[in-house]
Amino acid sequence: MKICSIGLLATLACPAYSFAPTFSTRRMPTYLFSTTAEPDISTTVPNGDTQETTVAVAPKVSQRWRKSTKQLATLGPASSTKEMIETLFLAGADIFRLNFSHGSQEQKKELLMLIREVEEKYSHPIAVLGDLQGPKLRVGEFFNPQGEILEKGQTFRLDLDEALGDNSRVMLPHPEIIEASDVGHVLLVDDGKVKLVVTGKGSDYLDCRVEVPGKISNRKGVNTPDSVLKISALTPKDRSDLEYMVSIGVDWVALSFVQQPSDIEEINELIDQHLKEDQFRPAVMAKIEKPSCFVGDNLERIVDLCDGIMVARGDLGVECAPEDVPLLQKQIIDTCRSKGKPVVVATQMLESMIESPTPTRAEASDVATAIYDGADAIMLSAESAAGKFPEESVAMQQRIINRVESDPHYRNYLNQLVTSKKETATDAVTTAARQIAQTVKAKAIVCFTLQGSTVRRASQERATVPVLAVTPFKETARQLVMSWGVYPDLPRSGKPFVT
């Protein structure tokens, strides 16, 4: 078995190798080594113990090593037990999402502890992503609890008056929307089921024309595709949840309602404030769901400031034309790949599997398209959190991943994008490692890393072989699970790395 390794330059040939490197912040050079020996299933560590329960010996997990695209599963009522979390992990889930929009903080901590138990059992790093709720913009309440039917062309007012609404008006308890809206701007109510166009405004109201008629009722959501609101992406609840996430040690934090680069700067500053001395910093993932993210160079700047991106197609599909979403998805993925940042495609990927054991053909094609586009990971939401078939949903995603990645067209699509390269030794070494691994038909590229930057650069190359990440820090290993083609080793304190 040939292995291309990023470390000290050497060529070795023996059945097994043991490394006890002294880690430092200095850049590590490159070495190559190869062997024809097959790895043992059970690993003997220096004290003589044999580690039997690993990710390598679980039959279902063997499929994990065939795929490069990662899988993210949301936990919820249908997947809140240790048994189901373990089942989803064995079915292919690499990352688990904790949605802080629902449930208590204590419930999320319990789920995180269960995930860590599964991680320890299989000696394989599992990433945990905490997803912040973000601002929820909603209309007020109506005198008629059933709501009102708005007719096409009628005038409807949104104002700050706390009186119960009727067929002519309702409270909009968000002065920021009134301030940011201009004549001609569109407001979407209840995920676009009702469309309003602003025809006039005052300091405390908006007069609108009903463009798309429908029913409007209590506390329905409002989307503002034409406006950038002067509000923080972090509500008081989000700030409390963020502090809690940092305290319990989530690996990734997902920020909703990102409108502009300053939103990422704000959450980075808050995380720094909450970090204790010597505490590992969680990675920040920006959810792209607002049209303002595509104004000017906002997308590029957002990608530069964060550690990863989620294509949040739910709200993005409401605020943008449906025919634009596939193009925006490709634009986001290409931007992330060119900058070496992991990107997740989310929302309604296998929606019908909430109730059905099999997906529609359109859904299977949707998942495949995200993989062909080059996404690092694909996500399940309600399918795994509240659906009737969480295990089948995860397994179906893995089947689609394996099928797409075995298609010769997939490699052609990956190679079409020319990624940006810096004039650094790391870029030169990782580019060379990809070429050498392909030339000598190596089985893997091994990267030694502290914070993960070298491994992410190797992932950016989209090599034809797995990238094995070796790090002394569990936190780094967990964060690297998100990256395409990367298989991190879960370090054990006081023990050298053994292959």
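Anything mentioned here points back to the structure above.
Reading guide: rules and limits
- Residues numbered from 1 in each chain as written.
- Predicted model: local features only at pLDDT ≥ 70, side-chain atom pairs only at ≥ 80, totals over all residues.
- Heavy atoms only, no water.
- 1 Å grid on protein atoms, 1.4 Å probe; cavity = no way out; pocket = protein on both sides within 12 Å on 5 of 7 lines; lining within 4 Å.
- Points joined across faces, edges and corners; volume = space filled by probe spheres on them.
- Helix = DSSP H or I, 4+ residues; strand = E, 2+ residues; numbered from the N terminus.
- Nonpolar A, V, L, I, M, F, W, Y, C, P; charged D, E, K, R; others polar.
- Salt bridge = Lys/Arg side-chain N within 4 Å of Asp/Glu carboxyl O.
- Buried < 20%, exposed > 50% of the residue type's maximum accessible area, 1.4 Å probe, protein only.
- Pairing = 2+ DSSP bridges.
- Right-handed = clockwise from strand over helix to strand, strands pointing away.
- Phe/Tyr/Trp six-rings, centres within 6.5 Å; stacked < 30°, edge-to-face > 60°.
- Contact = heavy atoms within 4.5 Å.
- Polar contact = N/O pair within 3.5 Å; in protein donor to acceptor, adjacent residues only side chain to side chain.

Asker: Would you explain empty space enclosed by the protein in this entry?
Answerer: Over the atoms a probe the size of a water molecule is rolled, and this reveals where empty space is left. By the definition in use, this model includes three cavities of 30 Å³ or more. Of the pockets and cavities examined, the largest cavity occupies roughly 80 Å³. Together, C336, R337, G340, K341, P342, D376, R456, S459, Q460, R462 and S483 line the largest cavity. Of all the secondary structure elements, the ones that give two or more residues to the lining of the largest cavity are α8 (325–339) and α14 (453–460). Of the residues forming the lining of the largest cavity, the biggest block, three residues, is contributed by α14. Split into classes, the residues belonging to the lining of the largest cavity amount to two nonpolar, four polar and five charged.

Asker: Help me understand the pattern of salt bridges, please; the structure alone is not making it clear to me.
Answerer: A pair can form between side chains of opposite charge whenever their charged atoms are brought close. All chains considered together, the criterion is met by 24 salt bridges. As a salt-bridge pair, R157 and D207 come within 2.7 Å of each other at their nearest N and O atoms. Separated by 50 residues along the polypeptide, R157 in strand β10 (residues 155–159) and D207 in strand β14 (residues 205–212) bring together distant segments of the chain. For R157, a relative accessible area of 31% puts it in the partly exposed group. What makes D207 buried here is its relative accessible area of 19%. A network of salt bridges, in which partner residues are shared, links R116, E119, D251 and R478.

Asker: I'm lost on the pairing of strand β20 (residues 343–346) in this one. Help?
Answerer: Successive side chains on a regular strand alternate, one facing one side of the sheet and the next facing the other. Of the two faces of β20, the one lined by V343 and V345 and the one lined by V344 and A346 are each fully buried. Pairing of strand β19 (residues 308–312) with β20, which is carried by four bridges, proceeds in the parallel orientation. Its bridge partner being in β20, I309 is matched across the sheet by V343. Handedness of the β-α-β unit built from β20, helix α9 (residues 361–373) and strand β21 (residues 377–380) comes out right-handed.

Asker: Can you walk me through the sheet that holds β14 in this structure?
Answerer: Across a sheet, strands are paired by hydrogen bonds formed along the backbone, either parallel or antiparallel in direction. Pairing within the open sheet is mixed, and its six strands lie in the order β11-β10-β14-β13-β12-β16. Looking at which strands have only one partner, the edges of the open sheet turn out to be β11 (169–171) and β16 (222–223). Bridge count for strand β13 (residues 194–202) against β14 is seven bridges, and the pairing is antiparallel. Across the sheet, residue K201 finds its bridge partner in β14, namely L206.

Asker: For this particular structure, what's the right way to read the packing of aromatic side chains?
Answerer: Aromatic ring pairs are reported here in terms of the distance separating the ring centres and the angle at which the planes meet. Counting across every chain of the model gives three aromatic pairs. Measuring from ring centre to ring centre gives 5.5 Å for F89 and Y122, while their planes differ by 45°; the resulting arrangement is tilted. Here the residue F89 occupies a position in helix α1 (residues 82–91), and Y122 occupies one in helix α2 (residues 105–122), the gap between them amounting to 33 residues. This pair shows no difference in class: F89 is buried, exactly as Y122 is. For the pair Y372 and Y410, a centre-to-centre distance of 6.2 Å together with 65° between the ring planes defines the contact as edge-to-face.

Asker: Can you walk me through the side chain of S483 in this structure?
Answerer: In this structure, S483 sits in the loop between α15 (474–480) and β24 (486–488). What S483 contacts, discounting residues up to four positions off in sequence, is K70, P342, D376, R456 and S459.

Asker: What should I look at first to understand the environment of D159 in this one?
Answerer: Along the polypeptide, D159 turns up in strand β10. Residues D159 and M171 lie 12 residues apart in sequence; the distance between their C-alpha atoms is 5.0 Å. Other than its neighbours up to four places away in sequence, D159 contacts R169, V170, M171, L172, D204 and Y205. There is a polar contact of 3.1 Å between the side chain of D159 and the backbone nitrogen of D161.

Asker: Teacher, can you tell me more about the pairing of strand β23 (residues 467–470) here?
Answerer: In terms of strand pairing, strand β22 (residues 444–448) meets β23 through four bridges, oriented parallel. The partner of I445 across the bridge, within β23, is V467. Chirality of the crossover, the property in question, places the unit of β22, α14 and β23 among those that are right-handed. Pairing geometry for β23 and β24, over three bridges, is parallel. Across the sheet, the residue bridging to V467 is V486, located in β24. Following the backbone out of β23, through α15 and into the adjacent parallel β24, one traces a crossover that is right-handed.

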